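# Geometric and topological summary
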Amino acid sequence: MDAKIALPDTLPVDEGELAIVVANALENAIHANQKLPPNRREIYCKMVGTPSVMLEISNPCSGSVSFDSKGLPLAQKDGHGLGVQSISAFCQKNGAVCHFNLTNGWFQLQGRINTDIPPPSYQVPFLPSMLFLLYSFGTEGRAFLLFHDKSPIDIQAKQAYN
């Protein structure tokens, strides 16, 4: 797992909803990685706040992915696909744009939040102990908890073992 996150103090969207979007995208990347041999498991996450809030998550993918007419990946099993629907709903609500693609065995989500849209009136502050639970798929089965501690958002990885 390689994560690079640099965000401003104030975001143009609800931070809790954005955290859900990132968590859904990372969960999908984790599931894709579980289908791969350990030496091929990788997840890259980049998130910046300048010039606009942009997110990119990419991971290797062992199979094919079908996309619907809107460019959203189709669920391969019944009961799956809610994360992508949640990401799409967030984008529609906040005037954001997201793009999914599969190129040369790598699945990629790219998103951009239009910073010209005024922030919602119901801003929810980050809870210091929440952001994401990320997995590193080494042979030791490590998990990393990321915490929001400082301003601008400074991510510290704290190692936790299964």
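These remarks concern the structure in this document. Quantities reported herein were computed from a predicted structural model and do not represent experimental measurements. (Residues numbered from 1 in each chain as written. Predicted model: local features only at pLDDT ≥ 70, side-chain atom pairs only at ≥ 80, totals over all residues. Heavy atoms only, no water.)

As a further point, take unusual backbone geometry. Note: most residues except glycine have negative phi, and most peptide bonds are trans. Look at the link from Thr-50 to Pro-51: it is a cis peptide, with omega at 5°. Its location among the elements puts Pro-51 in the loop between β2 (44-48) and β3 (53-60). Located in the positive-phi region is Asn-104, a residue other than glycine, with phi close to 50°. With respect to the helices and strands, the residue Asn-104 is situated in the loop between β4 (97-103) and β5 (106-113). The exposure class assigned to Asn-104 is exposed, which follows from its relative accessible area of 75%. (Helix = DSSP H or I, 4+ residues; strand = E, 2+ residues; numbered from the N terminus. Buried < 20%, exposed > 50% of the residue type's maximum accessible area, 1.4 Å probe, protein only.)

Within the largest apolar cluster, 29 residues are counted, with the highest numbers of intra-cluster contacts made by Leu-18, Met-47 and Ile-57. Mapped by element, the contributors of at least two residues to this core are α1 (15-34), β2, β3, α2 (82-94) and β5. Counting residues per element, this core draws most heavily on α1, which supplies 7 residues. Sequence-distant contacts of Leu-18, defined by excluding residues within four places in its chain, comprise Leu-11, Val-13, Met-47, Phe-90 and Ile-113. (Core = buried A, V, L, I, M, F, W, Y, C linked by side-chain atoms within 4.5 Å. Contact = heavy atoms within 4.5 Å.)

On to the sheet that holds β2. The strand order across the open sheet built from 5 strands is β1-β2-β3-β5-β4, with neighbouring strands paired in mixed fashion. Of all the strands in the sheet, just β1 (2-6) and β4 have a single pairing partner and so form its edges. Taking each pair of neighbouring strands and ignoring which way they run, the sheet shows an average axis angle of 10°. Judged from the 8 bridges that link them, β3 and β5 form a sheet pairing that is antiparallel. Looking across to β5, one finds that Leu-55 is bridged to Gly-111. Packing against the sheet, α2 makes contact with β4 and β5, and its axis sits at approximately 140° to β4. (Pairing = 2+ DSSP bridges. Axes fitted to C-alpha atoms, helices over the stretch in contact; angles between N-to-C directions.)

By definition, a disulfide links two cysteine residues through a covalent bond between their sulfur atoms. Enumeration according to the criterion identifies 0 disulfides in this entry. No disulfide involves Cys-98; its nearest neighbouring cysteine sulfur is the one of Cys-91, lying 3.7 Å away. (Disulfide = S-S within 2.5 Å.)

Here we come to the pairing of β1. Sheet faces and side chains relate simply in a regular strand, where the side chains alternate between the two faces. Examined bridge by bridge, β1 and β2 share 5 bridges and lie parallel to one another. Looking at β2, one finds that Lys-4 is bridged to Lys-46. Where the polypeptide runs from β1 across α1 and back to β2, its parallel neighbour, the crossover connection is left-handed. (Right-handed = clockwise from strand over helix to strand, strands pointing away.)

The topology assignment puts Gln-108 in strand β5. Residue classification places Gln-108 among the buried residues on the basis of a relative accessible area of 18%. A polar contact of 2.9 Å, which involves the side chain of Gln-108, links it to the side chain of Glu-56. Ignoring sequence-local partners within four residues, the contact set of Gln-108 consists of Glu-56, Ile-57, Ser-58, His-99, Phe-100 and Asn-101. (Polar contact = N/O pair within 3.5 Å; in protein donor to acceptor, adjacent residues only side chain to side chain.)

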